[in-house]
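A look at the structure
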Amino acid sequence: MRPSLLRLSGMPSGKVWMGWWGDMGGPKQKGIVSYSLSPLQQKAMGDALQSYLFNGYRRLVGQVPYFVIPFGAGYGLYTWANSYATYLESKEGHYATQAAEGGGH
């Protein structure tokens, strides 16, 4: 029985350079299609402003309940607390507090 020659066996060896990336010397690939556009025909920011005006408005309106309701509740609580603190620091508030605590002069 005669052994096959290493150079004819199809096995890679250390002495043969296969090629750079993308050109490895292998079989040609089939079924790969690539498309491209000329840089002069591409519009990077095409209709970005117009799209944002309509789509951005729609998205913001959809989020209104999630930030208006908590903001309104917080602002209402803030204004009530300020008015109540102002009342408690007034003369009428002091008299009402003393009357509620049962003290007085």
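Look up: the structure comes first, before these words.
Here's a quick rundown of the structure.

The rules behind these values
- Residues numbered from 1 in each chain as written.
- Predicted model: local features only at pLDDT ≥ 70, side-chain atom pairs only at ≥ 80, totals over all residues.
- Heavy atoms only, no water.
- Helix = DSSP H or I, 4+ residues; strand = E, 2+ residues; numbered from the N terminus.
- Buried < 20%, exposed > 50% of the residue type's maximum accessible area, 1.4 Å probe, protein only.
- Areas by Shrake-Rupley, 256 points an atom, 1.4 Å probe, with all protein chains shown as cover.
- Phe/Tyr/Trp six-rings, centres within 6.5 Å; stacked < 30°, edge-to-face > 60°.
- Patch = residues over 30% accessible without salt bridge, like charges linked within 9 Å, V, L, I, M, F, W, Y side chains within 5 Å.
- Salt bridge = Lys/Arg side-chain N within 4 Å of Asp/Glu carboxyl O.

1. Quick word on the overall build of the chain
If you tally the helices and strands in the chain, you get two helices and zero strands. Counting all 105 residues of the chain, 3% fall into the buried class. Accessible surface, the chain: about 10,900 Å² in total, of which carbon and sulfur atoms supply 63%.

2. Digging into the packing of aromatic side chains
In the structure shown here, the tally under the stated rule is two aromatic pairs. Ring geometry for W80 against Y84: centres 5.5 Å apart, planes inclined by 5°, an arrangement best described as stacked. Here W80 and its partner Y84 are both found in helix α1 (residues 48–88), four residues apart, which amounts to about one turn of the helix. Connected via pairs of aromatic rings, a cluster forms that spans W80, Y84 and Y87.

3. Some details on a nonpolar patch on the surface
On the surface, L49, Y52, L53, F54 and L60 cluster together to form a nonpolar patch covering roughly 620 Å² of accessible area. Relative to the assigned elements, L49 resides in helix α1. Residue class for L49 comes out exposed when judged on its relative accessible area of 64%.

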